[in-house]
Amino acid sequence: MTKALAHTYTTVHTYRVMIMRVLCVMCALATLWYGINVYSAISRTVAAENVSKEASALSNSVNQLGSEYIKLSHSASPSALSQYGMNLGQVTAYIPRTTSLSVALSSHEL
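Each value, and the rule that gives it
Residues numbered from 1 in each chain as written. Predicted model: local features only at pLDDT ≥ 70, side-chain atom pairs only at ≥ 80, totals over all residues. Heavy atoms only, no water. Helix = DSSP H or I, 4+ residues; strand = E, 2+ residues; numbered from the N terminus. Buried < 20%, exposed > 50% of the residue type's maximum accessible area, 1.4 Å probe, protein only. Areas by Shrake-Rupley, 256 points an atom, 1.4 Å probe, with all protein chains shown as cover. Patch = residues over 30% accessible without salt bridge, like charges linked within 9 Å, V, L, I, M, F, W, Y side chains within 5 Å. Salt bridge = Lys/Arg side-chain N within 4 Å of Asp/Glu carboxyl O. Disulfide = S-S within 2.5 Å.

Peer 1: Can you explain the overall build of the protein? Please cite residues and give values.
Peer 2: Helix and strand counts for the protein come out as 3 helices and 0 strands. Written out in order from the N terminus, the α and β elements of the protein read α-α-α. In the protein, which comprises 110 residues, the share counted as buried stands at 1%. Counting only carbon and sulfur atoms, one obtains 67% of the accessible surface of the protein, whose full area is about 10,300 Å².

Peer 1: Please provide a residue-by-residue account of a nonpolar patch on the surface, values included.
Peer 2: Taken together, Tyr-15, Met-18, Ile-19, Met-20, Val-22, Leu-23 and Met-26 make up a surface patch of nonpolar side chains, about 710 Å² in accessible area. Examined against the element boundaries, Val-22 turns out to sit in helix H1 (residues 2-75). Since its relative accessible area comes to 47%, Val-22 is described here as partly exposed.

Peer 1: Could you give an account of the state of the cysteines, with specific residues and numbers?
Peer 2: The tally for this structure, following the rule as stated, stands at 0 disulfides. No disulfide involves Cys-24; its sulfur sits 6.4 Å from that of Cys-27, the nearest cysteine.

The following block contains the structure:
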């Protein structure tokens, strides 16, 4: 009887050790997986903040360029441009009248 009890104890003890090792390995893997997920979440948050900062900087640049464009377009007039050597000219001097243009004008396609 004591031999059977000793054999049962040895078998139970062996299985208990194996179960504890499996549980420890599973805990280690779960901890590793948790750490990877936390790192991934933090890196994605940092990347999103960087993209947000870049988008904000680009938006500010576009707004500044837009306001500068509006300011320059309102200041452009024939008298102001004559200071830079530009003068008024006829548009027909720059666009040659070709056959396809006359056909298009006669059929009212333009």
